[in-house]
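# Observations on the three-dimensional arrangement
Here's the letter readout for the chains.
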Amino acid sequence: QVQVVESGGGLVQTGGSLRLSCAASGGTFSSYSMGWFRQNVGKERSFVAAISWNGTSTDYRVSVKGRFTISRDNAKNTLYLQMNSLKPEDTAVYYCAASTYRYYPRRDREDYAYWGQGTQVTVSS
């Protein structure tokens with residue numbers, strides 16, 4: 001089974017950019033569609049973006065469309081989330097997840113079997 005580890009979080013000012021990475025190991029990366037979710041204390045973990053196994057299909061929550069870009073490099077077993085024009089409301093712990101429903105990007109948490117430990121993103125106003 002696959003293990004995933006996020007990195008790249010940090011503190012950034014409003015309008016700034018960050019790129020999150022998610023390194024996968026222990027499985028065949030291209031066997032999974034991948035997703036990014038985020039969560040604040042006391043709130044449910046919510047969908048941010050997802051990508052199909054080969055990167056040809058992507059999906060985004062409305063509030064990040066046009067600002068965030070999800071991508072993957074199957075040769076490097078790595079998932080990315082490029083975040084531009086960051087806003088304070090983007091502040092959260094960001095999680096990478098892998099789904100065995102590989103052909104289409106998935107929005108539901110229940111479709112993901114493998115999760116990372118999360119990386120904190122803080123956007124100051």
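Data block above holds the structure.
Residues numbered from 1 in each chain as written. Predicted model: local features only at pLDDT ≥ 70, side-chain atom pairs only at ≥ 80, totals over all residues. Heavy atoms only, no water.

## Looking at the side chain of R72
Going by this rule: A run of H or I in DSSP counts as a helix once it spans at least four residues, and a run of E counts as a strand once it spans at least two, with each numbered from the N terminus. Accessibility here uses a 1.4 Å probe with only protein chains present; expressed as a share of the type maximum, an area under 20% marks a residue as buried, one over 50% as exposed, and anything in between as partly exposed. His residues and chain termini do not enter the charge count, which takes Lys and Arg as positive and Asp and Glu as negative. Whenever a carboxyl oxygen of Asp or Glu lies within 4 Å of a side-chain nitrogen of Lys or Arg, that contact is scored as a salt bridge. Polar contacts, as counted here, are pairs of nitrogen or oxygen atoms within 3.5 Å of one another; within protein the pair requires one atom able to donate a hydrogen and one able to accept it, and residues that are adjacent in sequence qualify only if both atoms are side-chain atoms. The criterion used for residue contact is that any of the two residues' heavy atoms lie within 4.5 Å.
Note that R72 resides in strand β7 (residues 68-73). For the buried R72, which has no salt bridge, the nearest side chain bearing the opposite charge is D73, at an N-O separation of 8.3 Å. From its side chain, R72 meets the backbone oxygen of F29 in a polar contact 2.9 Å long. A polar contact is formed between the side chain of R72 and the backbone oxygen of W53, at a distance of 3.3 Å. Sequence-distant contacts of R72, defined by excluding residues within four places in its chain, comprise F29, S30, Y32, S33, M34, I51, S52, W53, G55, T78, L79 and Y80.

## Things to note about the packing of aromatic side chains
The description of two aromatic rings rests on the distance between their centres and on the angle between their planes. Put simply, the rule is: Two rings belonging to Phe, Tyr or Trp (six-membered ring only in the last case) form a pair when the distance between their centres is within 6.5 Å. Interplanar angles under 30 degrees mark stacking, angles over 60 mark edge-to-face geometry, and anything in between is tilted. The rule for a charge over a ring is simple: NZ of Lys or CZ of Arg within 6 Å of the ring centre, and within 35 degrees of the ring normal.
Taken as a whole, this structure holds five aromatic pairs when the rule is applied. Measuring from centroid to centroid gives 5.9 Å for Y32 and Y114, while their planes differ by 90°, and the two rings are edge-to-face. In this pair, Y32 is assigned in the loop between β3 (18-25) and β4 (33-39) and Y114 in strand β10 (residues 114-115), connecting sequence segments 82 residues apart. Here Y32 falls in the buried class, since its relative accessible area comes to 9%. With a centroid separation of 5.1 Å and 80° between ring planes, the pair formed by F37 and Y112 is classed as edge-to-face. Here F37, found in strand β4, pairs with Y112, found in the loop between β9 (92-99) and β10; they are 75 residues apart in sequence, far enough to count as distant. For Y112, a relative accessible area of 6% translates into the label buried. In this structure an aromatic cluster arises from ring pairing among F37, F47, Y112 and W115. Sitting over the ring of Y101, R106 keeps its end group 4.6 Å from the ring centre.

## What about the pattern of salt bridges?
For the coordinates displayed, the defined rule picks out five salt bridges. Notably, a salt bridge pairs R107 with D59, separated by 2.5 Å at the nearest N-O pair. Taken as a pair, R107 in the loop between β9 and β10 and D59 in strand β6 (residues 58-60) lie far apart in primary sequence, 48 residues in all. R107 gets classed as partly exposed once you look at its relative accessible area, which sits at 42%. D90 serves as the salt-bridge partner of R67, at 2.8 Å between the closest nitrogen and oxygen. On the criterion of sequence distance, the pair formed by R67 in the loop between β6 and β7 and D90 in the loop between β8 (78-83) and β9 is long-range, its members being 23 residues apart. Across the pair, exposure class does not vary: R67 and D90 are buried alike. Within this structure, R38, R67 and D90 form a network of salt bridges that share partners.

## Describing the environment of S63
Relative to the assigned elements, S63 resides in the loop between β6 and β7. Along the backbone, S63 and Y80 are 17 residues apart, and their C-alpha atoms lie at a distance of 18 Å. Among the polar contacts made by the side chain of S63, one reaches the side chain of R61 at a distance of 3.0 Å.

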